[in-house]
Amino acid sequence: GENVEQHPSTLSVQEGDSAVIKCTYSDSASNYFPWYKQELGKGPQLIIDIRSNVGEKKDQRIAVTLNKTAKHFSLHITETQPEDSAVYFCAAINSNYQLIWGAGTKLIIKP
Amino acid sequence: DAGVTQSPTHLIKTRGQQVTLRCSPKSGHDTVSWYQQALGQGPQFIFQYYEEEERQRGNFPDRFSGHQFPNYSSELNVNALLLGDSALYLCASSLETGHYGYTFGSGTRLTVV
């Protein structure tokens, strides 16, 4: 069935360094790929998304890249700050407009 | 402008009981989706409601049912609760015409004992 694999499960980086989280999807019909940030006790919050007709999208310190051929997409966070610490989820939308989620990456920013 | 509102925030139920969770969508949204998020995992799609009807359903048993009201708010009902139903239940709203703009609530933490 459809699935999204996400790596790594935990990522620890020094404050100010960059963080990269990678996802692979299986449904070749997927055309929308959002990234969510979930803080403790809160629901997921959309931080950036990309559609299949675009290879890269950037919003300040956050960027997402998409390789449709390889079915890979990645989240890049530059100049990490303590408030970036959270669990990050990638997702892909299927042909029924359902979000298929990765298992999440716990990002730890070390001071 | 309020986003998605869910109630209650926390709930403890006994195995075999029934529970009802509630969701008010973001203003202007007409579609409500429900997700189950077990600890340490990504959300799993339960079902989606539009025009007061269940439009899509994930791989969940019939013990999980829902309803959407004319004001677009929604309820999730779970019957015959199992210990494995313990999870964070998330509601997401969107516009039917804009399938991609999902806004999530903070969820209801259900604990079954």
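Structure: see above.
Everything in this summary refers to the structure shown in the same document.

Quick notes on the rules
Residues numbered from 1 in each chain as written. Chains lettered and ligands numbered in written order. Predicted model: local features only at pLDDT ≥ 70, side-chain atom pairs only at ≥ 80, totals over all residues. Heavy atoms only, no water. Contact = heavy atoms within 4.5 Å. Buried area = accessible area lost by both parts, 1.4 Å probe. Salt bridge = Lys/Arg side-chain N within 4 Å of Asp/Glu carboxyl O. Polar contact = N/O pair within 3.5 Å; in protein donor to acceptor, adjacent residues only side chain to side chain. Helix = DSSP H or I, 4+ residues; strand = E, 2+ residues; numbered from the N terminus. Nonpolar A, V, L, I, M, F, W, Y, C, P; charged D, E, K, R; others polar. Pairing = 2+ DSSP bridges. Axes fitted to C-alpha atoms, helices over the stretch in contact; angles between N-to-C directions. Phe/Tyr/Trp six-rings, centres within 6.5 Å; stacked < 30°, edge-to-face > 60°. Buried < 20%, exposed > 50% of the residue type's maximum accessible area, 1.4 Å probe, protein only. Core = buried A, V, L, I, M, F, W, Y, C linked by side-chain atoms within 4.5 Å.

Let us now look at the interface of chain B and chain A. Listed by partner, the interface residues are 17 residues for chain B and 18 residues for chain A. Buried surface at the junction of chain B and chain A, summed over both partners, amounts to about 1500 Å²; 55% is from carbon and sulfur atoms. A per-residue breakdown of the area chain B buries against chain A is headed by B:Tyr100, B:Tyr102 and B:Phe104, which together make up 41% of the total. At the boundary of chain B and chain A, one finds zero salt bridges. Taken together, the connections running from chain B to chain A amount to two residue pairs in polar contact (both at pLDDT 80 or more). Where the side of chain B that touches chain A is concerned, the elements lending two or more residues are β4 (31–37), β6 (53–57), β9 (87–95) and β10 (98–104) of chain B. When grouped by side-chain class, the residues that make up the side of chain B that touches chain A number eight nonpolar, eight polar and one charged.

Moving on to the sheet that holds strand β7 (residues 64–68) of chain B. Backbone hydrogen bonds are what pair the strands of a sheet, in a parallel or an antiparallel way. Residues and elements named next belong to chain B. Pairing is antiparallel across the open sheet formed by four strands, whose spatial order is β1-β3-β8-β7. Since the sheet does not close on itself, it has two edges, and those belong to β1 (5–7) and β7, each with one partner. Within the sheet, the average angular offset between the axes of one strand and its neighbour, ignoring direction, is 20°. Relative to strand β8 (residues 74–78), strand β3 (residues 19–24) runs antiparallel, the two sharing five bridges. When the bridges of β8 are listed, Thr20 appears paired with Asn77.

The geometry of two aromatic rings is summed up by the distance between their centres and the angle between their planes. Tallied over the entire structure, the rule returns 13 aromatic pairs over all chains. Between A:Tyr25 and A:Phe73 the ring centres are 6.0 Å apart and the planes differ by 55°, which places this aromatic pair in the tilted class. Linking A:Tyr25 in strand β3 (residues 19–25) with A:Phe73 in strand β8 (residues 72–77), this pair joins segments that are 48 residues apart in sequence. Taken together through their ring pairs, the aromatic side chains of A:Tyr36, A:Phe89, A:Trp101, B:Tyr35, B:Phe45 and B:Phe104 make up a single cluster.

A separate point is unusual backbone geometry. A cis amide bond, omega -5°, links A:His7 with the succeeding residue A:Pro8. Locating A:Pro8 in the fold gives a position in the loop between β1 (4–7) and β2 (10–14). Positive phi is not limited to glycine here, since A:Glu79 has a value of about 45°. The residue A:Glu79 is located in the loop between β8 and β9 (86–93) in this model. Under the relative-accessibility criterion, A:Glu79 is labelled exposed at 54%. Unlike most non-glycine residues, B:Glu51 shows phi in positive territory, near 50°.

So, about the nonpolar core. As a rule of thumb, soluble globular proteins bury nonpolar side chains together. Membership of the largest hydrophobic core comes to 25 residues, with the highest contact counts inside it found for A:Trp35, A:Phe73, A:Leu75, A:Tyr88 and A:Leu107. Of all the secondary-structure elements, those providing two or more residues to this core are β2, β3, β4 (32–38), β5 (45–51), β7 (62–67), β8, β9 and β11 (105–110) of chain A. The next biggest cluster of nonpolar side chains, apart from the first, holds 19 residues, and it includes B:Val4, B:Tyr49, B:Cys91 and B:Leu110.

So, on to the pairing of β8(B). Residues and elements named next belong to chain B. For β8, a buried count of five out of five residues is recorded, marking the element as mostly surrounded by other parts of the structure. Neither face of β8 is open: one carries Ser74, Leu76 and Val78, the other Glu75 and Asn77, and all of them are buried. Hairpin geometry of β7 and β8 is characterised by an intervening segment of five residues between the two adjacent antiparallel strands and by a positive phi of about 80° at Tyr72.

Function-wise, these values are silent; they only describe arrangement.
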